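Residue-level listing of the chains:
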Amino acid sequence: DAMVIQNPRYQVTQFGKPVTLSCSQTLNHNVMYWYQQKSSQAPKLLFHYYDKDFNNEADTPDNFQSRRPNTSFCFLDIRSPGLGDAAMYLCATSRGLKRAFFGQGTRLTVV
Amino acid sequence: DQQVKQNSPSLSVQEGRISILNCDYTNSMFDYFLWYKKYPAEGPTFLISISSIKDKNEDGRFTVFLNKSAKHLSLHIVPSQPGDSAVYFCAASEGNSGAGSYQLTFGKGTKLSVIP
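Keep in mind the model is a prediction, meaning the values are calculated, not measured. Every chain is numbered independently, its residues counted from 1 as its sequence is written. Numbering of ligands from 1 and lettering of chains from A proceed in the order in which they are written. Owing to the predicted nature of the model, reporting of local features is limited to residues with pLDDT of at least 70; listing and counting of side-chain atom pairs is limited to 80 or more, with chain, interface and lining totals taken over all residues. The side-chain quantities take in all heavy atoms of the structure and omit both hydrogens and water.

Here we come to the overall build of chain B. What chain B contains, in helices and strands, is zero helices and 11 strands. Ordered by position in the sequence, the α and β elements of chain B form the string β-β-β-β-β-β-β-β-β-β-β. Each principal axis of the C-alpha atoms in chain B carries an extent, and together these give about 45 × 30 × 25 Å. Taking the intrachain contacts of chain B between residues at least 6 apart in sequence as the baseline, contacts between residues at least 24 apart amount to 56%. Here the Shrake-Rupley method, with its probe set to 1.4 Å, supplies the accessible areas, and only the displayed protein chains count as covering residues. Carbon together with sulfur atoms contributes 48% to the accessible area of chain B, which is approximately 5,500 Å² in total. Charge-centre separation for chain B: the mean point of 11 positive side chains lies 4 Å from the mean point of 10 negative side chains. Secondary structure counts use DSSP, requiring at least four H or I residues in a row for a helix and at least two E residues in a row for a strand, with both numbered from the N terminus. We call two residues in contact whenever any of their non-hydrogen atoms come within 4.5 Å of each other. In summary, the charge assignment counts Lys and Arg as positive and Asp and Glu as negative, without counting His or the chain termini. Where a charge lies is defined by one atom per residue type, namely NZ (Lys), CZ (Arg), CG (Asp) and CD (Glu).

As C-alpha cells, this is what we get:
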C-alpha cells in the first residue's frame, strides 16, 4: 500500500515546455519535500512545505516552483525545462519524526 | 562542498559475511543520522537511524555505529544476503532547525553487491 505516490513514474518533456510532477500522500504528514537526484549523485533538496509555509533552498533555480493546494498533494512545476534538469525527482513526507518517507520517484527526460 | 560523504561508490561482499558501509560528515550541527536503501527505479526506503546521543543502534541484521568525535558513522549488515544488494544512502539532519522541519542532507550512496 503506497503511502507516498508520485505520478507519473516516467515523464518525457520537450526542451522549454512546462511540465508538472505530482505527489500525493496518505500519511497526513505536515511536511512535504521535493528532492532532485541526478545520476550517481546525492539527492538534493529543492524545497519543502512545512504545513502551508514554503521553504526554498537558496540554490534552487527559479525555474522550479511548487504548489501545495492541501495536506495531501504537492506539485513540482518546471517552467522551462533544460537538458540539465533531466533527473529523478523524489517527493518525501515527514511529521517531525526526522524520518522521511519517499515516493518511488519520477524519472524526467528532457528531449 | 559535500557535508555528507560516502567515499566508497561500491562494495562487494560474499553472502553470509559482514557488510560495512561508511559515512563521514563535516557539519557538527547534525544531530540525527539515517540510512536509506534504494533499489533501481524505486525511491529510498528508510532502514535505520541513530540520534547523536547514542553511539549504537541495532535492528535485526542492521547496526549503525556513530563516532561523533570522528564525525563518522557506519552501517553493519550481518549476515549479508543477496536481497541486500542495493544502493545505500547515508543522510543527516539538524533536528531542531529553525524551520521546524527536518531537511536531510544525503551522501552520494554506496552500491552494495552481495554475491551468492
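Moving on from the model shown.
A grouping of B:Ile18, B:Ile20 and B:Val78 is seen on the molecular surface, where their side chains present a nonpolar patch of about 220 Å² in accessible area. Relative to the assigned elements, B:Ile20 resides in strand E3 (residues 19-25). Only residues above 30% relative accessible area that lack a salt bridge enter a patch, with like-charged residues linked at up to 9 Å and the nonpolar side chains Val, Leu, Ile, Met, Phe, Trp and Tyr linked at up to 5 Å. We define a salt bridge as a side-chain nitrogen of Lys or Arg found within 4 Å of a carboxyl oxygen belonging to Asp or Glu.

Let us look at the nonpolar core. If you look at the biggest cluster of nonpolar residues, it comprises 23 residues, and the most contacted ones within it are B:Phe33, B:Trp35, B:Leu73, B:Leu75, B:Ile77 and B:Tyr88. The element best represented in this core is strand E9 (residues 86-93) of chain B, accounting for four residues. Setting aside residues up to four positions removed in sequence, B:Leu75 forms contacts with B:Ser19, B:Ile20, B:Leu21, B:Trp35, B:Leu47, B:Ile48, B:Phe62, B:Thr63 and B:Tyr88. For this analysis, a nonpolar core means a set of buried residues of the types Ala, Val, Leu, Ile, Met, Phe, Trp, Tyr and Cys, connected via side-chain atoms within 4.5 Å. Per-residue accessibility, obtained with a 1.4 Å probe over protein chains only, is compared with the maximum for each type, and a residue is labelled buried under 20%, exposed over 50%, and partly exposed between these values. By size, the runner-up hydrophobic cluster in this structure holds 19 residues, among which are A:Leu46, A:Phe47, A:Cys74 and A:Tyr89.

Now for the sheet that holds strand E1 (residues 4-5) of chain B. All names here are of chain B. The sheet built from five strands is open, its strands ordered E1-E3-E8-E7-E6 with antiparallel pairing. Bordering the open sheet on either side are E1 and strand E6 (56-59), each of which pairs with just one other strand. Here E6 pairs with strand E7 (residues 62-67) via four bridges, running antiparallel. The partner of Lys-56 across the bridge, within E7, is Phe-65. Any two strands between which DSSP finds at least two bridges are classified as paired.

Here the focus is the sheet that holds strand E3 (residues 19-25) of chain A. Residues and elements named next belong to chain A. If you trace the four strands from one edge of the open sheet to the other, you get E1-E3-E8-E7, paired in antiparallel fashion. This sheet does not close on itself; its edge strands, each paired only once, are strand E1 (4-7) and strand E7 (64-67). Direction aside, neighbouring strands of the sheet carry axes that sit 20° apart on average. Two elements, E3 and strand E8 (residues 73-78), share six bridges in a ladder whose sense is antiparallel. Along E8, the bridge assignment pairs Cys-23 with Cys-74. The axes are straight lines fitted to the C-alpha atoms, using for helices just the contacting stretch, and the angles between their N-to-C directions are given from 0 to 180°.

Turning next to the state of the cysteines. Cysteine sulfur pairs qualify as disulfides if the two atoms are within 2.5 Å. Scanning all chains against the criterion turns up two disulfides over all chains. Note on cysteine connectivity: A:Cys23 is disulfide-linked to A:Cys91, with sulfurs 1.9 Å apart. Looking along the S-S bond of the A:Cys23-A:Cys91 disulfide, the torsion reads about -75°, which is the left-handed sense. You can see A:Cys23 sitting in strand E3 and its partner A:Cys91 sitting in strand E9 (residues 87-94), a full 68 residues away along the chain. No difference in accessibility class separates A:Cys23 from A:Cys91, as the two residues are buried. B:Cys23 shares a disulfide with B:Cys90; S-S distance 2.0 Å. Its torsion about the S-S bond being -75°, the disulfide of B:Cys23 and B:Cys90 is classed as left-handed. Of this pair, B:Cys23 sits in strand E3 while B:Cys90 sits in strand E9, and the two are 67 residues apart along the sequence. Side by side, B:Cys23 and B:Cys90 carry an identical accessibility label, which is buried.

Coordinates in, geometry out; function isn't part of it.
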